[in-house]
Amino acid sequence: MSFMVLTAFADEYTDPQTNVVYTYEPGQSTASVKAGHEESDGSMCIDFCPGSPDAAGDVMILDKFTIGTNEYVVTSIGECAFWSNHNIKSVIIPESVTNIGMAAFEDCQGLTSVQLPEGLTRIPKDLFLDCRKLESVAIPSSVRAIDEQAFENCFSLASLTLPAGLNYIGRDAFRGTPWYSTQYNEAPNGLFYIGPLLVGYKGDAPTGELVIKEGTTCIGTEAFLNCKGLT
């Protein structure tokens, strides 16, 4: 995790069923799952803390909650919201959520399954980085981009279906997953594609001239790094 953006809200609400913490502005209509934060003892030592450190087990994110007479719709999950929380096992995210912050579930080492909401268009950087027990993720058909290291080191992720409309895969998005290893190992030498996405090159570095096939929607980051003989 390279950086953390802290978001200040006026009030918090903790769901008594799941211990997930939400932040909201009184008088507004939307809310967010609380972002992670930094804590320091005044020395050079800084600890990164999840926004919901007591969440555990099977977690269902609320689509809305009521405080007094005001109803708040949950539309986002903050950066590092569950960062390094090893006690959550599964997460269901409602369709009211349209934005998920970077590294929201990074290093959740007990997490085995996630249901992402239809309507989500981007899976952000480091979202499931180092979730080593993650076995099941349903990627919605609405997703168009999967950012850098989103699923890196998900060592139990052996099966995955990418949406037809996906047009961007970031660097190392799937590195360390059995699913990606299978895709790579079964591909012939030459241009390496996942669907319409040109991820890189398999085998010896290409030389001379290459032809990118018709219908390619994306050339991945560093796809031809150090291909010095490519003209």
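Scroll up for the structure.
My aim in this report is to walk through the structure given alongside it, one point at a time.

Quick word on the environment of leucine 127
Relative to the helices and strands, leucine 127 resides in the loop between strand 12 (122-123) and strand 13 (136-138). Placed 19 residues apart in sequence, leucine 127 and cysteine 108 show a C-alpha to C-alpha distance of 10.0 Å. Setting aside anything within four residues of it in sequence, one finds leucine 127 in contact with Ile100, Gly101, Ala103, Ala104, Phe105, Glu106 and Ala150.

Quick word on the pattern of salt bridges
Taken as a whole and assessed by the stated rule, the structure comprises 7 salt bridges. One salt bridge in this structure joins lysine 64 and glutamate 71, with 3.9 Å as the shortest N-O distance. Three or more residues joined by partner-sharing salt bridges are found here, namely Glu152, Arg171, Asp172 and Arg175.

Describing the nonpolar core
Counting residues in each nonpolar core, the largest one holds 50 residues, and the members touching the most others are Phe82, Phe105, Phe128 and Phe151. Looking at this core, the elements with two or more residues in it are strand 2 (21-24), strand 3 (30-33), strand 8 (70-77), strand 9 (88-92) and strand 16 (190-194). With 3 residues, the single largest contributor to this core is strand 8. Beyond its immediate sequence surroundings of up to four residues, phenylalanine 151 is in contact with Ile123, Phe128, Val137, Ile139, Ile146, Leu157, Ala173, Phe174, Arg175 and Thr177.

The rules behind each value
Residues numbered from 1 in each chain as written. Predicted model: local features only at pLDDT ≥ 70, side-chain atom pairs only at ≥ 80, totals over all residues. Heavy atoms only, no water. Helix = DSSP H or I, 4+ residues; strand = E, 2+ residues; numbered from the N terminus. Contact = heavy atoms within 4.5 Å. Salt bridge = Lys/Arg side-chain N within 4 Å of Asp/Glu carboxyl O. Core = buried A, V, L, I, M, F, W, Y, C linked by side-chain atoms within 4.5 Å. Buried < 20%, exposed > 50% of the residue type's maximum accessible area, 1.4 Å probe, protein only.

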